[in-house]
There are 2 protein chains.
Amino acid sequence: MSDRKYEREYADLGATTRSAMDIAQTSMDIVRQFVPDETLADRIRQKSVHSMGDIEFQHLISFTGCDRQGDDDDAPVRAGARAVLAEAPIVTDITMSKAGITSRGHGCRKRTAIGNGSELAEETGMTRTAASVLELDKRGVYDGAIATIGNAPTAAFALADCIENGTRPEVVVATPVGFVKAEESRERIRDVSEAYDVPAITNVGRRGGSGLAAALTNELIHVASDVRTGELELEEVDE
Amino acid sequence: MSDRKYEREYADLGATTRSAMDIAQTSMDIVRQFVPDETLADRIRQKSVHSMGDIEFQHLISFTGCDRQGDDDDAPVRAGARAVLAEAPIVTDITMSKAGITSRGHGCRKRTAIGNGSELAEETGMTRTAASVLELDKRGVYDGAIATIGNAPTAAFALADCIENGTRPEVVVATPVGFVKAEESRERIRDVSEAYDVPAITNVGRRGGSGLAAALTNELIHVASDVRTGELELEEVDE
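Quantities reported herein were computed from a predicted structural model and do not represent experimental measurements. Counting restarts for each chain: residues are numbered from 1 in the order of the written sequence. Chains carry letters from A onward and ligands carry numbers from 1 onward, assigned in written order. Residue-level local features of this predicted model are given only where pLDDT is at least 70; pairs of side-chain atoms are given and counted only at 80 or more, and the full residue set underlies all totals for whole chains, interfaces and linings. In computing side-chain properties, one takes all heavy atoms of the structure into account and sets aside hydrogens as well as water.

A. Here's a closer look at the relation of the copies chain B and chain A. A least-squares fit on C-alpha atoms brings the copies together, and the residues used are those whose pLDDT is at least 70 in both copies. Rotating chain B by 180° about the axis while translating it 0.0 Å along that axis superimposes it on chain A, leaving an RMSD of 0.0 Å. Taken together, the turn and the small shift mark the pair as related by a two-fold rotation axis. For chain B, the minimum C-alpha distance to the rotation axis belongs to Met 96 of chain B and amounts to 2.6 Å. The contact criterion used throughout is that any non-hydrogen atoms of two residues lie within 4.5 Å. Both copies present the same face, since 100% of the interface residues in chain B are matched by interface residues at the equivalent positions in chain A.

B. Geometry of the interface of chain B and chain A. With 36 residues of chain B at the interface, the matching set in chain A holds 36 residues. Of the roughly 2,700 Å² buried where chain B meets chain A, counting both sides, 71% is carbon and sulfur surface. Contact with chain A buries surface across chain B, with Met 96, Phe 179 and Val 180 of chain B losing the most and accounting together for 25% of the total. Any Lys or Arg side-chain nitrogen located within 4 Å of an Asp or Glu carboxyl oxygen qualifies as a salt bridge. Joining chain B to chain A, the criterion identifies 0 salt bridges. Throughout this description, a polar contact denotes any pair of N or O atoms lying within 3.5 Å of each other; where both atoms belong to protein, one of them has to be capable of donating a hydrogen while the other can accept it, and for residues adjacent in sequence the pair is counted only when both atoms sit in side chains. On the surface where chain B and chain A come into contact, there are 5 residue pairs in polar contact (both at pLDDT 80 or more). Broken down by element, the residue count for the side of chain B that touches chain A peaks at 8 residues, all from helix α2 (residues 18-34) of chain B. The quantity reported as buried area is the accessible area (1.4 Å probe) lost by two parts once they are put together, taken as the sum for both. Where helices and strands are cited, they refer to DSSP runs of H or I of at least four residues and of E of at least two residues respectively, numbered from the N terminus.

C. Here's a closer look at the sheet that holds strand β6 (residues 200-203) of chain A. All names here are of chain A. Sheet architecture is open: 6 strands sit in the order β1-β6-β5-β4-β2-β3, paired in mixed fashion. Pairing within the sheet leaves two strands with one partner each, and these edge strands are β1 (61-64) and β3 (110-112). With strand direction ignored, the average angle separating the axes of adjacent strands in the sheet is 20°. Its contacts with the sheet put helix α3 (residues 40-52) on β1 and β6, and the angle it makes with β1 is roughly 150°. Together, β1, β2 (90-92), β4 (146-149), β5 (171-174) and β6 form the strand contacts of helix α10 (residues 210-228), whose direction differs from that of β5 by roughly 150°. Whether two strands pair comes down to DSSP finding at least two bridges between them. Orientation is described by axes fitted as lines to C-alpha atoms, over the contacting stretch for helices, and by angles from 0 to 180 degrees between their N-to-C directions.

D. View of the sheet that holds strand β2 (residues 90-92) of chain B. Residues and elements named next belong to chain B. Here we have 6 strands laid out as an open sheet, ordered β1-β6-β5-β4-β2-β3, and mixed in their pairing. With partners counted over all chains shown, the strands left at the sheet margins are β1 (61-64) and β3 (110-112), one partner each. Each strand of the sheet is rotated relative to its neighbour by a mean of 20°, with strand direction disregarded. Direction of pairing for β2 relative to strand β4 (residues 146-149): parallel, over a ladder of 3 bridges. Within β4, the residue paired with Thr 92 across the bridge is Thr 148. The sheet contacts of helix α8 (residues 153-164) involve β4 and β5 (171-174), and relative to β4 the element is tilted by about 150°.

E. Inspection of the packing of α3 of chain A against α10 of chain A at higher detail. Residue and element names in this part refer to chain A. α10 packs onto α3 with a crossing angle of 140° between their chain directions and a minimal axis gap of 9 Å. Considered as vectors, α3 and α10 are oriented oblique to each other. Between α3 and α10 lies a crossing of right-handed hand. Along the contact surface, α3 presents Leu 40, Arg 43, Ile 44, Lys 47, Ser 48, Ser 51 and Met 52, while α10 presents Gly 211, Leu 212, Ala 215, Leu 216, Asn 218, Glu 219, Leu 220, His 222, Val 223 and Asp 226. Under the convention adopted here, Pro, Cys and the residues Ala, Val, Leu, Ile, Met, Phe, Trp and Tyr are nonpolar, Asp, Glu, Lys and Arg are charged, and Gly plus all remaining residues are polar. Split into classes, the residues belonging to the contact of α3 with α10 amount to 8 nonpolar, 5 polar and 4 charged. These descriptions rest on fixed angle ranges, namely under 35 degrees for roughly parallel, over 145 for roughly antiparallel, 65 to 115 for roughly perpendicular, and the rest for oblique. By definition, turning the near helix anticlockwise from the far helix through less than a right angle yields a left-handed crossing, and turning it clockwise yields a right-handed one.

F. Main features of a negative patch on the surface. Together, Asp 71, Glu 184, Glu 187, Asp 191, Glu 194 and Asp 197 of chain A make up a region of like negative charge exposed at the surface. For Glu 184 of chain A, the position within the fold is in helix α9 (residues 182-196). What makes a patch is a set of residues exposed beyond 30% relative accessible area and free of salt bridges, joined within 9 Å when like-charged and within 5 Å when nonpolar (Val, Leu, Ile, Met, Phe, Trp, Tyr). Here the accessible surface of atoms and residues is derived via Shrake-Rupley with a 1.4 Å probe, and residues count as covered only by protein chains that are part of the display. For the charge count, each Lys or Arg is scored as positive and each Asp or Glu as negative, with His and the chain ends excluded. By convention, charge coordinates are those of NZ in Lys, CZ in Arg, CG in Asp, or CD in Glu.

G. Region of interest: the pattern of salt bridges. Under the counting rule described, the total for this entry stands at 28 salt bridges over all chains. Of the charged contacts, one joins Arg 207 of chain B and Asp 54 of chain B as a salt bridge, the two residues approaching to 2.8 Å between their closest N and O atoms. On the criterion of sequence distance, the pair formed by Arg 207 of chain B in the loop between β6 (200-203) and α10 (210-228) and Asp 54 of chain B in the loop between α3 (40-52) and β1 is long-range, its members being 153 residues apart. On the basis of relative accessibility, which here comes to 14%, the residue Asp 54 of chain B falls in the buried class. Arg 188 of chain B serves as the salt-bridge partner of Asp 161 of chain B, at 2.7 Å between the closest nitrogen and oxygen. In this pair, Asp 161 of chain B sits in helix α8 while Arg 188 of chain B sits in helix α9 (residues 182-195), placing the two residues 27 residues apart along the sequence. Taken together, the shared-partner salt bridges in this structure form one network comprising Arg 43, Lys 47, Glu 219 and Asp 226 of chain A. With a 1.4 Å probe rolled over the protein chains alone, any residue whose accessible area is under 20% of its type maximum counts as buried; one over 50% counts as exposed, and the rest are partly exposed.

H. Structural view of α8 of chain B. All names here are of chain B. Over its 12 residues, α8 extends 17 Å from the first C-alpha to the last, a length consistent with the 16 Å expected when each residue adds 1.5 Å. Every buried residue of α8 is accounted for by Pro 153, Thr 154, Ala 155, Ala 156, Ala 158, Leu 159, Ala 160, Cys 162 and Ile 163. Once α8 ends, the next one or two residues include Gly 166, with phi positive near 115°. To estimate how far a helix should reach, multiply one less than its number of residues by 1.5 Å.

I. Representation of the side chain of Ser 210 of chain A. With respect to the helices and strands, Ser 210 of chain A occurs in helix α10. Residue classification places Ser 210 of chain A among the buried residues on the basis of a relative accessible area of 6%.

J. Representation of the UniProt feature "domain: Cobalamin biosynthesis precorrin-8X methylmutase CobH/CbiC" (unreviewed entry) in chain A in the model. UniProt positions are given in the numbering used here, feature names are shortened, and annotations may be inferred rather than shown by experiment. Within this structure's numbering, the places UniProt gives as "domain: Cobalamin biosynthesis precorrin-8X methylmutase CobH/CbiC" (unreviewed entry) are residues 22-222 of chain A. As a span, residues 22-222 of chain A carries 50% helix and 11% strand, and end to end its C-alpha atoms are 18 Å apart.

K. Region of interest: α10 of chain A. Residue and element names in this part refer to chain A. When the terminal C-alpha atoms of α10 are compared, their 27 Å separation across 19 residues agrees well with the 27 Å that a helix rising 1.5 Å per residue should span. Summarising burial for α10: 17 of the 19 residues are buried, a large majority. Count one or two residues on from α10 and you reach Gly 230, which has phi positive near 85°.

L. Region of interest: the environment of Glu 219 of chain B. Residue and element names in this part refer to chain B. If you trace the backbone, Glu 219 turns up in helix α10. On the basis of relative accessible area, Glu 219 is assigned to the buried category, the value being 4%. Sequence separation between Glu 219 and Arg 45 is 174 residues; the distance between their C-alpha atoms is 9.9 Å. For Glu 219, the side chain forms a polar contact with the side chain of Arg 43, separated by 2.9 Å.

Structural data, given as structure tokens:
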């Protein structure tokens, strides 16, 4: 692999030096021994395994909703890559999710929801992240955005409410972790994803987290880079 | 539980509103059904389970090194809490780990290694995080610090080298995730932890990550808060 290609391939893993790129390549080589490498959805499955350090995590990833080409598992990946190419804003729930998303290889503005809507949170007692999602939605931020929720179930519930009320993110990546409402919040995202044709990548079960959400968002950026460089054509993928 | 106590208990989970505190309490109540609640080490085990959304993760946490009271599992937690009370700097490998560490309830300066040592990385081809650790160590930053490594195995290896060469962090929290050298890097930390009496909290296996590292560091802050408010006396714990 040429240095140029090398650098492109691993930029979303944070690798820029030769040593880091060697580690990133060895790591993804190991992952590909255990995860199929056929479809765009497989790339997301691979990245989930890499991010979680767990081979079986590939079976916990769910793809819902459809894009103009269909409702197959690749649909949210295509939609996400198109959104990156269109330089849609990437809106995360909290700072940790945002910090894990690469700033290289794309022109999308990264921003967090948290920090907005504090008055609403104080008035209602709802969580700060839920209030921040509702506040940004009121300003139209989630329409056409890449919505990444890595931490807060209540943010995912709030985003699902927004979608039910007409908001249309280009793609949702939702992987809140934990024992209280995390799984239910992702179920709710899947429900509105199917009901309103909003492509979404989520996981099932209790695990997840900001690192996973950032890694999957990075893979959307990575797919977009491959489209930009001509290595991949989104329209051809399912034809 | 009073509002005051409530707020203190869940501040490190990011909870400030009533709704968020309810979720945090329910969540920790669930965790405590499955994880013992006897020792300081148990608090770290509980937090690992909460952070990873996985009941079994409690069995993957390792406590090494000793403090002035002994080399029991609580030693790194006591050392970490004392370091927080002494307002030692918290030095993380990358931004994502730092972003997950609460800014409330302590006076420690938070900083990241990454961003330093870029010349060294360019010259040698080593990873940026490894170079950043070596560079900060040269400036004496890790002596007496709370060293948190959530992402980069090479940063953990570099820190272990520094410890071997005489650097003495107050405590190390190391949970790099992945398939290449992550597990080995934590083994190396445990080796120098035992050999040079540097208290360390690590996990075994391939899993881990920045979210886990941040959560465990937050629990050290939480224990320190309980000492500050008189709910807990570190010196009495093992007597």
